[in-house]
Amino acid sequence: QVQLVESGGGLVQAGGSLRLSCATTGGTFSTYDMAWFRQASGKEREFEFVSVISWSGGRIYHADSVKGRFTISRDNAKNTMYLQMNSLKPEDTAVYVCAADFNRRFSVVARDYDYWGQGTQVTVSS
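Residues numbered from 1 in each chain as written. Predicted model: local features only at pLDDT ≥ 70, side-chain atom pairs only at ≥ 80, totals over all residues. Heavy atoms only, no water.

**A word on the overall build of the chain**
Logical step 1: The secondary structure content of the chain amounts to zero helices and 11 strands.
Logical step 2: Ordering the α and β elements of the chain from the N terminus gives β-β-β-β-β-β-β-β-β-β-β.
Logical step 3: By the compact-globule yardstick of 14 Å for 126 residues, the chain fits well, its C-alpha radius of gyration being 13 Å.
Logical step 4: C-alpha atoms of the chain, sized along the principal axes, occupy 40 × 25 × 25 Å.
Logical step 5: Within the chain, buried positions represent 43% of all 126 residues.
Logical step 6: At a minimum sequence separation of 6, the contacts of the chain that also span at least 24 residues come to 58%.
Logical step 7: On the chain, roughly 6400 Å² of surface is accessible, and the fraction owed to carbon and sulfur atoms is 46%. (Helix = DSSP H or I, 4+ residues; strand = E, 2+ residues; numbered from the N terminus. Rg over C-alpha atoms; globule rule 2.2 N^0.38 Å. Buried < 20%, exposed > 50% of the residue type's maximum accessible area, 1.4 Å probe, protein only. Contact = heavy atoms within 4.5 Å. Areas by Shrake-Rupley, 256 points an atom, 1.4 Å probe, with all protein chains shown as cover.)

**Quick word on unusual backbone geometry**
With the exception of glycine, most residues fall at negative phi, and the peptide bonds are largely trans.
Logical step 1: In this structure, Asn79 is a non-glycine residue whose phi angle is positive, near 55°.
Logical step 2: Relative to the assigned elements, Asn79 resides in the loop between β7 (70–75) and β8 (80–85).
Logical step 3: The residue Phe106 is not glycine, and still its phi comes out positive at about 50°.
Logical step 4: Topologically, Phe106 is positioned in the loop between β9 (94–101) and β10 (115–116).
Logical step 5: The class for Phe106 is buried, based on a relative accessible area of 16%.

This is the structure in structure tokens:
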């Protein structure tokens, strides 16, 4: 059974930075595409795509809303994915959730992902 556990969330002022981690166990991390999604308060049924990284780390893609501010990366030796978030804005406030795609579709669509973490809260104050 694959398990994903996020960490690194917290409260930060606008303009600040946070680094999220997604540690995985129970599978072969280096064979999955991985992604970050987020859920804003009041929109718990909606997963907004943030960033995706291919299984090798050779391809990455960020949503326009975070491009230039967020950077996704992974360390396959540590079975961990990261999201470096800089220049945070109040509208970035959300629960950030990591997800794994066994079929390597490099997808921005939530339903394409097979396993999900529980999420970590990021709150950006103005």
